[in-house]
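# Examining the three-dimensional arrangement
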Amino acid sequence: MVLGEWRAHPARVILAAAAIAIGVALGFAVYLVNRSALETFAKAIDTVSGTADLQVHSVTAAGFDEGLYPTLAQIPGVAAASPVVELNAHTAAGASLTVLGLDVLRAAAVTPGLVGQGAHSFDAQAAYLSQTAMTALSAKAGSPVTLTAAGHSAVFTVAGSLPGAGEDQAIVVIDIADAQWRFGLLGRLQRVDLKFGADTSTQAVQAAITRALPPDAQIVTQRQESHRSDALSRAYRVNLEMLAMVALMTGGFLVYSGQSLSVARRRPQFALLRVLGLSQRRLILQIVIEGAAVGLAGGIIGVAAGTGLATLALALFGGDLGGGYFQGARPHLAFAPGAGLVFLLLGLIAALAGALWPALQAARSRPAVALKNADLGIDPRRKPPLVAALVLLMIGGALAFAPPIGGLPLLGYGSMAAILAGGIALMPALARAILGPARRLAGDAPATRLAFDRLYGAPGQAAVALCGIVASVSLMAAMGIMVASFRGSVDDWLGQILPADLYMRLPDLEAGGFDPAAQDRLAHAPGVAAIEFRKVLKLRLAPDQPPAALNVVPIDPTAPQRALPLISAVSPLPAGETAVWASEPMARLYHLNPGQAVTVPLGGQPRRLYVRGIWRDYARQFGALAIGDTDYVHLTGDRFRSQVAVTLAPGADPLRTVAALRAVVPPDIVADMTFTESKSLRAMALKIFDRSFAVTYALEAIAIGIGLAGVAATFSAQTLARTREFGMLRHVGALKRQIVAMLALEGALLGAVGALAGLSLGAVLGQILIQVINPQSFNWSMDTRWPMGLLLSLFGVLVAASAGTAVLSGSRALSSSTIRAVREDW
Amino acid sequence: MRALLLALLLALAAPAVALAPAYAPVRPGVALIFPMDHGAHSAFRTEWWYVTGLLKTADGKDLGFQVTFFRSRTAADPANPSRFNPDQILFAHAALSDPAIGHLLHGQRIARQGFGLAHASTTDTDLVIDDWRLKRGANGVFSARAAGADFRLDLDLAPQQNVLLQGDHGYSRKGPNPAQASQYYSLPHLAVSGSVVRGGKRVAVTGEAWLDREWFSSLLDPTAVGWDWVGLNLDDGGTLMAFMIRDKAGKPIWNGGAIRSASGALTTLGKDDVAWGRARTWRSPRTQAAYPVERVVSVRSGGQWRRWTLRPLFDDQELDSRAAGGPVYWEGAVRTEGGRGYLELTGYAGPLKL
């Protein structure tokens, strides 16, 4: 019987299986990509840190005083200590690399994986390259490589390889003395890797090390390091995974509508079976097994397709799917059979859940009635159920106010799911509520009356057709509203933080840069009306958090809003305190409020800074502090700056001004300088923004496509089932044209109801995304914008698509002989 | 003359570009001044403080030991002001010969000079590499501290005799070219007291040791593959040192040595005053190298040839330092008629590259 049904309606079965398959494929692909990226990342950390038992890491990239190295080396229980200069470097061709300056004699005992293979010497030019670095630089032993880091360029000769460095990391190992000398870092270290004695108490040694550390250094264990990298992209990953689950959920709804219809149509068959002695339980089992078969097929195809998709995505976008989180490492696919099974099960569960409800309904109907009346069993007098829908909506509402769990908005997603399910359950009642008044206004044309009455009388049927599309439209709308709000807020923010015309910066630079003399020359270059010098430092404030940033900016204490996009009230500065301004993510991550003090290592000392206000920042998800230029100089004496904002004099030509600025910069750093006009900087930022949401859009579009296909399939099924009704209408004198018009109107009405429901549900879900999910995942807020264009076109597309499919399937139904259709019945 | 594991050091020091620093050359007629010359001579390419000796434990067991510090000047750019400048590399090696164990226990340390973690004083013997140390105290007594994974040496070495200047007042030739030479002096008959830890157990030891001091910038003739060296503390208070630089065929390229009587009468041995005979070879089961571990050394002083038969404390005193980039050689405690000392055999497992 199942096979017969499937053979009769292959398209519907294929569609339901495809929906499940797509959901499973997307979910599994996102999972695989993330896992591969994280594994690569974890391996990369292993590689860069070698096999040290413990690392002491500098809080800022400027490093700590090298005098810490002998202190650590002489702590009892420390068997070996390896000092490291760690730099981000790049080549003229733009390849970026990690440069490690090592004392090979020390590293051999602590991180042997970082000791190069090849002729060894203390020749200042010797560099050992990992395989990835060799490939990136297309270098081989003996070839020269020019590396630029910390504002200095130096030429090295490839002396050998780093076979222990793994495949995915672009690492260059040079001698520590050369690293200090040639990159201007004399006296500074970024890291000391430590190895403990075999019989020492790790805790006691760690305690002794902690006591010895200056404020600009901290202990980092392997575990913390990998937690940090996990934190880097966790929220982004979870969000993508949730989107994939949405696709799967849409698939579940499609199975539901498909099964509902086929069950409804087979009511007489089932009734006959019941009469012939089939038990209720066997009947449920029968229908559920049909759903399971669909789910299983979809799941298997989905896991296979997901693997392929992940491979493709890794090749095209890299491990972060365009999110920009993992740089340098190109991951290989890490296949996960266990997880594949889990996703297969998820697909199965979605299909089973979709099939269970129709199965229960079919089993509940009385065989005697069903056998006689082949109709779909609708009683227009019955009120659609409300209680379940309202309960679900209330649960959803309550969950929206719950706090994050483990830094993730899991309950926020729960809230969205509950509201979505509640909204769909509310559909029949909603359809009546909308159509009731509309019916009275619609006028008396027979086709119109028929269309309205049909939908009013059988809202449950309409809901079946619509649940898939309502789910996908509401999620699309929610996502659209969120992205529009986000993009709009980012655009405003960019306008606020990029007021100047021209920006120039030295890359990867924390130490060195433009000294006061160079700054003075730049300020007096022709074409420059106003100029500001800035600097950004990395701050490692908590060992298991990615580093935060310290922005050194000229801030007018009486008008801070001119330098920073403030979103809080400004707290007055008590006497004797130094002001600092926390970015919104900073405030959330480190629980800072205006009027609180925060201790930050600056110039090798802990400094108490007073938070005066919170500013909006979308650039650094892991927090940033802004400090006034004069305060920073006062605390550190550091007058070097690496970023410059230039306002052009009226009528000045940007290109000429750039040339004039170039001319006054010291020649050794001029090659490193990048100039960007404010306009293109803004365009670039928005381009990155759009790219990082591209995958999101793609997932959404797929969900919508599945939803629309579901509408088409359901409509054609319902229309075919109504052949007798049309025959009857023809007999009582309705013209074919009138019936088509009726169907078109019915479709349009259905589409309109679905779109309205979907869009209003989407507005609610969008607010949850904006107010709950985003602040909890990324620690930033945004102002709501309504993408009216997108919402209206969604509405239009849906109404048109519903009407179109209704007419198409209607004409097919009408083409069959009217007489025969009627005769069948009496 | 002693020098092992130098291959590693010299390989480290080998200039990859033609920027070799001007190493100070060894010249004859340079008077050694103490305690200054107990300290490091950082202008020269290579230098060592080489202590070997025999010990008796409190329960009467014989042990041999060796503690050596090497200093090597590399090709690193002296203009680099970084405190990590690898201009001077220090390396230390220690081995314990225990007949009850039947092979050498050994350990080593290597580090670039700096930060107080590795240091060689230029004013007196004061060497530090991490927890290892060789220091000459104000009373002239050297203290040596060294440890491997399974042993630890903590020894005081008290000089009983004057410094013995090898060669021509400390200028010791090693080959036909006068530049193939080193500055070389020895302190034989050092009275040893202290302790040895083996298997976690500390035992008090006494004994007699020998300190060799040598520094140079170029040493071996290109045709040389290795050398044989012996230093003996004779029971009557006398001292014998003899060496032979060998070529591929095992023939001597250069010979040298010195013999000093208990009363201090010194005879310097020339190229033709030393002869090495073979008595018994031992084949290493690990490297298949055949070492003449038991042999006769003959020296001519005052027109008379005198012979000593050297017998190893035990055969397997081979040291394989290839894992650390060093050579394979044999360095062992030996006994002879009326004396004890150390024998060193290099270049038997393959030519020694310096």
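Rules of the game
- Counting restarts for each chain, with residues numbered from 1 along the sequence as it is written.
- Going through the entries in the order they are written, you letter the chains from A and number the ligands from 1.
- Note on the predicted model: pLDDT of at least 70 is required for a residue's local features to be given, and 80 or more for side-chain atom pairs to be given and counted; whole-chain, interface and lining totals, by contrast, use all residues.
- Labels follow the DSSP assignment, with helices taken as runs of H or I lasting at least four residues and strands as runs of E lasting at least two, numbered in each case from the N terminus.
- Any residue with 12 or fewer other C-beta atoms within 10 Å of its own C-beta is exposed, any with 20 or more is buried, and the rest are partly exposed; the C-beta atoms used are placed from the backbone.
- Residue pairs qualify as contacts under a 7 Å threshold applied to their C-beta atoms, which are placed from the backbone.
- Axis geometry follows a simple rule: fit a line to the C-alpha atoms, using only the stretch in contact for helices, then measure angles between N-to-C directions, giving values from 0 to 180 degrees.
- Comment on the angle field: the value is read as roughly parallel under 35 degrees, roughly antiparallel over 145, roughly perpendicular from 65 to 115, and oblique elsewhere.
- Crossings are sorted by hand: turned counterclockwise from the far helix by less than a right angle, the near helix makes the crossing left-handed, and turned clockwise it makes it right-handed.
- Think of it as three bins: nonpolar holds Ala, Val, Leu, Ile, Met, Phe, Trp, Tyr, Cys and Pro, charged holds Asp, Glu, Lys and Arg, and polar takes everything else, Gly as well.
- Only strands that DSSP links by at least two bridges are regarded as paired with each other.
- The predictor rates its confidence in each residue with pLDDT, a number between 0 and 100.
- Directions pointing from the helix axis toward each C-beta atom define the arc.
- To define a nonpolar core, we join buried Ala, Val, Leu, Ile, Met, Phe, Trp, Tyr and Cys residues through C-beta atoms within 7 Å and take the resulting set.

## Let's talk about the overall build of chain A
Regarding its fold elements, chain A presents 26 helices and 21 strands. Residues counted as buried form 49% of the 826 residues belonging to chain A. Of the contacts formed within chain A by residues at least 6 apart in sequence, a portion of 85% connects residues at least 24 apart.

## So, the overall build of chain B
The helix and strand tally for chain B stands at one helix and 23 strands. The long-range share in chain B, meaning contacts at least 24 apart out of those at least 6 apart in sequence, stands at 59%.

## Considerations on the packing of helix 13 (residues 387-399) of chain A against helix 14 (residues 410-441) of chain A
To characterise two packed helices, one gives the angle between the axes of the helices and the distance between these axes. Residues and elements named next belong to chain A. Interaxial distance between helix 13 and helix 14 falls to 7 Å at its minimum, and their mutual angle equals 160 degrees. Judged on the interaxial angle alone, helix 14 and helix 13 are roughly antiparallel. Crossing handedness for the pair helix 13 and helix 14: left-handed. Facing A388, A389, L392, L393, I395, G396 and L399 of helix 13, the residues of helix 14 in contact are L411, G414, S415, A418, I419, A421, G422, A425 and L426. Of the residues belonging to the contact of helix 13 with helix 14, the class tally is 12 nonpolar, four polar and no charged.

## Brief notes about the sheet that holds strand 17 (residues 597-602) of chain A
Residues and elements named next belong to chain A. Ordered by their spatial adjacency, nine strands build an open sheet running 17-18-16-19-15-14-20-13-21, and the pairing between neighbours is mixed. Edge positions in the open sheet fall to strand 17 and strand 21 (674-677), since each of these has one partner strand only. In this sheet, neighbouring strand axes are inclined to one another by 30 degrees on average, regardless of whether the strands run parallel or antiparallel. Note that strand 16 (residues 578-583) and strand 19 (residues 624-628) share three bridges and pair antiparallel. Counterpart to A582 in the pairing with strand 19 is L625. Strand contacts of helix 19 (residues 629-636): strand 15 (548-553), strand 16, strand 17, strand 18 (605-615) and strand 19, with the helix running at about 90 degrees to strand 19, the strand carrying the most contacts.

## Observations concerning the confidence of the model for chain A
All names here are of chain A. Per-residue pLDDT for chain A averages 78, and the proportion of residues at 70 or more is 80%. When pLDDT is averaged over each element of chain A, helix 3 (residues 68-73) comes out on top at 94 and helix 26 (residues 818-823) at the bottom at 55. In the model, residues 321-329 has pLDDT below 50 throughout and makes 32 contacts with residues more than four positions away in sequence or in other chains.

## Considering helix 23 (residues 723-731) of chain A
Each α-helix turn comprises 3.6 residues. Residues three or four places apart therefore point the same way. All names here are of chain A. Turning to helix 23, its buried residues are F726, G727 and L729. End-on view of helix 23: buried residues confined to an arc of 160 degrees, all on one side of the axis. Phi for G733, located one or two positions after helix 23, is positive at around 110 degrees.

## Concerning the pairing of strand 17 (residues 266-269) of chain B
Here four bridges tie strand 16 (residues 252-260) of chain B to strand 17 of chain B, and the two strands are oriented antiparallel to one another. Residue pairing for strand 17 of chain B: I259(B) is matched across the bridge by T267(B).

## Points about the environment of R274(A)
On the secondary structure map, R274(A) appears in helix 9 (residues 267-275). On the basis of neighbour counts, which here come to 21 C-beta atoms within 10 Å, the residue R274(A) falls in the buried class.

## Focus on the environment of G754(A)
All names here are of chain A. For G754, the location among the structural elements is in helix 24 (residues 736-778). The exposure class assigned to G754 is buried, which follows from the 29 C-beta atoms found within 10 Å. Separated by 44 residues in sequence, G754 and L798 have C-alpha atoms that sit 8.1 Å apart. Other than its neighbours up to four places away in sequence, G754 contacts L466, I469, V470 and L798.

## A closer look at the packing of helix 14 of chain A against helix 24 of chain A
Residues and elements named next belong to chain A. Their axes nearest at 10 Å, the elements helix 14 and helix 24 cross at an angle of 160 degrees. If you check the angle between helix 14 and helix 24, you find them roughly antiparallel. The handedness of the crossing between helix 14 and helix 24 comes out as right-handed. The segment helix 14 lies against helix 24, with G412, S415, M416, I419, L420, G423, M427, L430, A431 and I434 engaging V753, L756, A757, L761, V764, L765, I768, V772, I773 and Q776. Its residues assigned to classes, the contact of helix 14 with helix 24 shows 16 nonpolar, four polar and no charged.

## Quick look at unusual backbone geometry
Peptide bonds are trans in most cases, and residues, glycine excluded, mostly fall at negative phi. Cis geometry is adopted by the peptide bond preceding P35(B), which originates at F34(B) and carries an omega value of 10 degrees. Among the secondary structure elements, P35(B) is positioned in the loop between helix 1 (6-13) and strand 1 (46-57). Positive phi values are uncommon outside glycine, yet H591(A) reaches one of about 50 degrees. Note on placement: H591(A) falls in the loop between helix 18 (584-589) and strand 17.

## Some thoughts on the confidence of the model for chain B
Interpreting fine coordinate detail is not advised for predicted regions of low pLDDT. In the predicted model, chain B carries a mean pLDDT of 88, and 92% of its residues have values of at least 70. In the model, residues 1-20 of chain B has pLDDT below 50 throughout and makes 66 contacts with residues more than four positions away in sequence or in other chains.

## A few points about the pairing of strand 19 (residues 290-301) of chain B
All names here are of chain B. Sheet topology note: the strand 18 (residues 274-283)/strand 19 ladder contains eight bridges and is antiparallel. Directly across from W276, in strand 19, lies its bridge partner V297. The hairpin formed by strand 18 and strand 19 contains six residues between the paired strands, and Q288 there has a positive phi angle of roughly 65 degrees. As paired strands, strand 19 and strand 20 (residues 304-312) are joined by seven bridges and run antiparallel to one another. Looking at the pairing, S298 lines up with R307 of strand 20. Here strand 19 folds back onto strand 20 in antiparallel fashion, the turn holding two residues, of which G302 has a positive phi close to 60 degrees.

## Structural notes on the nonpolar core
Counting residues in each nonpolar core, the largest one holds 180 residues, and the members touching the most others are A127(A), V172(A), L625(A) and L90(B). Each residue touching L625(A), except ones within four places of it in the same chain, is listed here: A548(A), L550(A), V580(A), W581(A), A582(A), M586(A) and V600(A). Grouped together as the second largest cluster of nonpolar side chains are 129 residues, I424(A), V473(A), W493(A) and M742(A) included.

## Quick word on helix 9 of chain A
Residue and element names in this part refer to chain A. Buried within helix 9 are the following residues: R267, F270, A271 and R274. For helix 9, the angular spread of the buried residues around the axis is 100 degrees, confining them to a single face. Looking one or two places after helix 9, you find G277, whose phi comes out positive at around 115 degrees.

## Observations concerning the environment of V753(A)
Among the structural elements, V753(A) can be located in helix 24. The spacing of V753(A) and L435(A) is 318 residues in sequence and 8.5 Å in space, taken between C-alpha atoms.

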